[in-house]
Amino acid sequence: MSISLIQGTEKNTFSAGPRALILQIQNISDRKRTEQQLIYEAFHDPLTGLPNRAWFLEQLGIALSRASRRENILYPGNRFAVLFLDLDRFKVINDSLGHMYGDQLLQAIARRLRQCLRTEDLVARLGGDEFTVLLTNITSESDAEAVAARIQKQISQPFKLGEFDAFTTVSIGIALSDQGYSKSEDLLRDADTAMYQAKLEGKARHVIFDQGMHTRAVDTLHIETDLRRAIERKEFCLHYQPIVSLDAGELTGFEALARWLHPERGMISPAEFIPIAEETGLIVPLGQWVLNEACLQMRKWKSLYRGASDLSISVNLSGKQFAQANLIEQIIYSLNHWVLDPRNLKLEITESVLVENIETATNMLARLRSLGLEVSIDDFGTGYSSLSYLHRLPIDTLKIDRSFVSHMGGNDEDQEIVRTIILLAQNLGKKVIAEGVETREQVEKLRSLGCLVGQGFYFSRPVDSEAAGRLILNQGRWQSSVLSAREDVFEPLASMRAM
Ligand code: C2E
Ligand code: MG
Ligand code: MG
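These numbers come from a predicted model, not from an experiment.

K.L.:
Can you help me understand the site of ligand 1 in this one?
P.N.:
Close to ligand 1 lie 22 residues, the nearest being Glu 255, Arg 259, Asp 378, Glu 438 and Phe 457. In this structure, Arg 259 approaches ligand 1 through a side-chain N or O atom, which is 2.9 Å from an oxygen atom. Asp 379 has a polar side-chain atom sitting 3.0 Å from an oxygen atom of ligand 1. Starting from 790 Å² of accessible surface for ligand 1 in isolation, the protein chains cover 84%. Going through the elements one at a time, β11 (251-262), α8 (270-280) and β15 (374-380) are the ones with two or more residues in the shell around ligand 1. Sort the elements by how many residues they give to the shell around ligand 1 and β11 lands first, with 4 residues.

Okay, structure coming up:
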């Protein structure tokens, strides 16, 4: 209820004073309720009922100013931490089970988070599958880590969604208040950066922010800006790494590997720029360029060297490219434009891309195969391929990841993994290629295990198109050309031939 007093005044200025008094009594409890409802909605997430980003930032601001006041009067025990949480498998669950179950999962996560925190801690949903926690009054970073570990344990328990048991893990970034912050946005940003680092380190873990991460994040931002320009300015080129038969030492083809010639920083490795290109979507135009350039190069070699007609060029496809509706059209265009046989082009896709959406992947693979193209699973052994569907995937080759090959000498376990992958490929009727072959011992071991094709520094590092052309030209004469000029490239092949 509100009471207002309206005082009427005389138009005639000579006789001042009130002439009329209106007393208005109005029941405004409905309006107040609506107002409160609006305020609630402005600061809460409707799906989970948790506070939202705006409320979280507000509370963070209050905590920061309280902490700085207490610091002034030498009251150190007022540290707090921000935890930034991102679910590791939400997209998979949402895409496979549907949005209704996705929503149920988010609600269940919110309940579990509330349960495993103290009442004075604040948990909020920022949006999507991102949650934040404000942990007040902690004494050391290990307190924050203990809470993060507790959250991880809780979230990793199965969630009952209808008749399904869904599993997920969470990556958590932690930022501590006593790093000289003055703005709540900065604290949140750093917790987010640490979360990103946790993802990079393999997900399902927590990482505490340090300043080095911020520097790296800024570097990434610069790379991203430069990358956009690099595509327009055509700063990319391809290098080619020979793929060699381990029994006869013959060249079977090349893998095309992207290189970025940065005007100031020099040659930048794809390990640095491909993940950023993936994340920003720039991989789509870049990948299209790589595909076309590789086909153009193959056309040049075929026109120049007779020995090139049976060679193949392998192109790496990223997840985003693989999901593109017009990928098939792009491939057909490049093959036709450069008058190539589909046998001359191979595609490499990592396990994780295939696993993410197995139905779509199987369809796409079948369409690629119907064109006559071979497809390899790249970095095999590092992803999560399940044996149950591996045999159903229309792929031709498993490429054993370098990490297993490189440790094969010393470590029985790695040798067993290599042996198992080779056996698996044989049983499934797939070909197998060893990546990262660096020594003669590895060549011998691989051959004895039944792997007949490999690539690696032992044969040659990735080289530019001219050097690759010389390799094609010298094919079959490697041993006798003794390898005078380019010992680094040719010598190992010679010694292998002499085995
Ligand atoms: P990848 O497809 O597994 O390529 C093999 C990588 O292993 C190459 O690294 C190659 O230089 C390296 N390598 C080959 N043999 C050896 C060896 O004996 N020892 C060692 N230590 N390394 C060896 P690179 O060129 O730095 O490429 C890294 C990754 O970047 C590639 O791994 C691939 O996943 C990605 N990439 C490169 N070019 C492209 C591209 O055009 N598109 C996409 N989507 N990804 C690309
Ligand atoms: Mg590859
Ligand atoms: Mg690989």
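K.L.:
I tried to follow the coordination of the magnesium ion (ligand 2) on my own but got confused; where do I start?
P.N.:
For a metal bound by four donors in a tetrahedral arrangement, the ideal donor-metal-donor angle is 109.5 degrees, while six donors in an octahedral arrangement ideally sit at 90 or 180 degrees. At the metal site, the magnesium ion (ligand 2) is ligated by Glu 255 (OE), Asn 316 (OD1), Glu 348 (OE) and Asp 378 (OD), and these contacts range over 2.0 to 2.2 Å. The sequence pattern formed by the donor residues of the magnesium ion (ligand 2) is E-x60-N-x31-E-x29-D.

K.L.:
I'm lost on the confidence of the model for the chain in this one. Help?
P.N.:
The predicted coordinates ought not to be read in detail in places where the model reports low pLDDT. With 88% of its residues at a pLDDT of at least 70, the chain reaches an overall mean of 87. Between the elements of the chain, mean pLDDT differs from a low of 42, seen in helix α19 (residues 487-497), to a high of 98, seen in strand β13 (residues 312-316). Predicted confidence for residues 8-16 stays below pLDDT 50, and this span has 7 contacts to residues more than four positions away or in other chains.

K.L.:
Quick question: what am I supposed to make of the environment of Gly 456 here?
P.N.:
Among the structural elements, Gly 456 can be located in the loop between β18 (453-454) and α18 (465-473). Accessibility expressed as a relative area gives 2% for Gly 456, which makes it buried. It is 5.7 Å that separates the C-alpha atoms of Gly 456 and Glu 438, two residues lying 18 residues apart in sequence. Residues contacting Gly 456, with those up to four places away along its chain left out, are Gln 241, Gly 436 and Val 437.

K.L.:
Whenever I open this one, the packing of aromatic side chains confuses me. Can you help?
P.N.:
Given two aromatic rings, their pairing is described by the distance between the two centres and the angle made by the two planes. This model, assessed by the stated rule, comprises 10 aromatic pairs. Pairing Phe 254 with Trp 301 gives two aromatic rings, centres 5.0 Å apart and planes at 35 degrees, and the pair type is tilted. With Phe 254 in strand β11 and Trp 301 in helix α9 (residues 283-304), the pair connects residues that are 47 residues apart, well separated along the chain. The buried category is assigned to Trp 301, whose relative accessible area is 2%. Note on Trp 260 and Phe 273: the rings are 5.8 Å apart at their centroids and 85 degrees apart in plane angle, and the pair reads as edge-to-face. In this pair, Trp 260 is assigned in strand β11 and Phe 273 in helix α8, connecting sequence segments 13 residues apart. Residues Trp 260 and Phe 273 agree in their burial class; the two are buried. Members of the aromatic cluster, each reached through a chain of ring pairs, are Phe 236, Trp 260, Phe 273 and Trp 289. Note that Arg 112 overlies the ring of Phe 159, its terminal NZ or CZ placed 3.6 Å from the centroid. Taking the ring centre of Phe 457 as reference, the NZ or CZ of Arg 461 above it sits at 4.0 Å.

K.L.:
I'm lost on the sheet that holds strand β8 (residues 170-176) in this one. Help?
P.N.:
The mixed open sheet is built from 5 strands, whose spatial order is β4-β5-β3-β8-β9. Edge positions in the sheet fall to β4 (122-127) and β9 (206-208), since each of these pairs with one other strand and no more. Adjacent strand axes in the sheet meet at a mean angle of 20 degrees when their direction is disregarded. Pairing analysis gives 5 bridges linking β4 to strand β5 (residues 130-138), with the strands arranged antiparallel. Bridging across to β5, Arg 125 finds its partner in Phe 131. Across the sheet, helix α4 (residues 99-115) touches β3 (79-87), β4 and β5, and the angle it forms with β5 is around 5 degrees. Across the sheet, helix α5 (residues 141-156) is in contact with β3, β5, β8 and β9; its angle to β8 comes to roughly 165 degrees.

K.L.:
Before we go on, may I ask you to explain the nonpolar core in this structure?
P.N.:
Proteins that are soluble and globular tend to have nonpolar side chains buried together. Among the nonpolar cores identified, the biggest contains 81 residues, and Phe 254, Trp 301, Phe 322, Ile 331, Leu 345, Leu 368 and Leu 446 are the most heavily contacted of them. Those residues in contact with Ile 331, other than ones at most four positions away along the chain, are Leu 291, Leu 345, Leu 347, Leu 368, Leu 371 and Leu 373. With 34 residues, the next largest nonpolar core counts Leu 83, Ile 93, Leu 135 and Ala 144 among its residues.

K.L.:
Looking at this structure, I do not really get the pattern of salt bridges. What am I missing?
P.N.:
Side chains that differ in charge, positive against negative, can pair when their charged atoms come close. Tallied over the full model, the rule gives 23 salt bridges. One salt bridge in this structure joins Lys 346 and Glu 374, with 3.6 Å as the shortest N-O distance. Linking Lys 346 in strand β14 (residues 345-350) with Glu 374 in strand β15, this pair joins segments that are 28 residues apart in sequence. We classify Glu 374 as partly exposed; its relative accessible area is 22%. Within this structure, Asp 86, Asp 88 and Lys 199 form a network of salt bridges that share partners.

K.L.:
I'm lost on the pairing of β3 in this one. Help?
P.N.:
When a strand is regular, its side chains alternate between the sheet's two faces. The buried count for β3 comes to 8 of 9 residues, which makes it a mostly enclosed element. Taken together, the 7 bridges between β3 and β5 define a ladder with antiparallel strand orientation. Residue Phe 84 lies in a different strand from β5, and its bridge partner there is Thr 132. Pairing analysis gives 7 bridges linking β3 to β8, with the strands arranged antiparallel. In the strand pairing of β8, Phe 84 is matched with Gly 173.

K.L.:
When you look at the coordination of the magnesium ion (ligand 3) in this model, what are you seeing that I'm missing?
P.N.:
Coordination of the magnesium ion (ligand 3) by the protein comes from Asp 378 (OD), Asp 379 (OD), Glu 435 (OE) and Glu 435 (OE), over a distance range of 2.0 to 2.6 Å. Donor residues for the magnesium ion (ligand 3), ordered by position in the chain, follow D-D-x55-E. The metal-metal distance between the magnesium ion (ligand 3) and the magnesium ion (ligand 2) is 3.9 Å, with Asp 378 serving as a donor to both. Residue Asp 379 is located in strand β15, and its partner Glu 435 is located in the loop between β17 (431-434) and α17 (440-449); the two are separated by 56 residues in the primary sequence. Assessed through its relative accessible area of 10%, Glu 435 is described here as buried.

K.L.:
Even after reading the chapter, I still don't get unusual backbone geometry, so can you show me in this structure?
P.N.:
Backbone phi values are negative for most residues with the exception of glycine, while trans is the configuration of most peptide bonds. A positive phi angle, near 65 degrees, is found at Lys 203, a position not held by glycine. Note on Lys 203: relative accessible area 37%, which makes it partly exposed. For Asp 379, which is not glycine, the phi dihedral falls at a positive 50 degrees.

What counts, and at which threshold
- Each chain carries its own residue numbering, running from 1 in the written order of its sequence.
- Throughout, the order in which chains and ligands are written sets their labels, letters from A for the former and numbers from 1 for the latter.
- Confidence filtering applies because this is a predicted model: local features only for residues at pLDDT of at least 70, side-chain atom pairs given and counted only at 80 or more, and all residues used for totals across whole chains, interfaces and linings.
- For the side-chain quantities, the full set of heavy atoms in the structure was used; hydrogens and water were omitted.
- Nearness is judged by heavy atoms alone; a residue qualifies as near a molecule or strand once a single heavy atom is within 4 Å of it.
- For the purposes of these results, a polar contact is taken to be a pair of N or O atoms within 3.5 Å, where, inside protein, one atom must be able to donate a hydrogen and its partner to accept one; residues adjacent in sequence count only when each atom of the pair is a side-chain atom.
- The protein chains shown are the only cover counted for residues, whose accessible areas, like all others here, come from Shrake-Rupley with a 1.4 Å probe.
- Runs of H or I in DSSP of at least four residues are treated as helices and runs of E of at least two as strands, each being numbered from the N terminus.
- Coordination shells were defined by N, O and S atoms within 2.8 Å of each metal, extended to 3.2 Å for Na, K and Ca; water is absent from the atom set, which can make sites look incomplete.
- For every residue, the predictor assigns a confidence score, pLDDT, that lies between 0 and 100.
- Between two residues, a contact is recorded if the distance between any of their heavy atoms is within 4.5 Å.
- Note on exposure labels: buried denotes an accessible area under 20% of the residue type's maximum, exposed denotes more than 50%, and partly exposed covers the range between, all computed with a 1.4 Å probe on protein chains only.
- Aromatic rings from Phe, Tyr and Trp, with only the six-membered ring used for Trp, were paired whenever their centres fell within 6.5 Å, and each pair was classed as stacked if the ring planes differed by under 30 degrees, edge-to-face if by over 60, and tilted otherwise.
- Over a ring means this: the NZ of a Lys or the CZ of an Arg is within 6 Å of the ring centre and within 35 degrees of the ring normal.
- Two strands are counted as paired when DSSP detects at least two bridges linking them.
- A fitted line through C-alpha atoms serves as each axis, taken over the contacting stretch for helices, and the angle formed by two N-to-C directions is quoted from 0 to 180°.
- Note on terminology: a nonpolar core comprises buried Ala, Val, Leu, Ile, Met, Phe, Trp, Tyr and Cys residues joined through side-chain atoms within 4.5 Å.
- Note on definitions: salt bridges are taken to be side-chain nitrogens of Lys or Arg within 4 Å of carboxyl oxygens of Asp or Glu.

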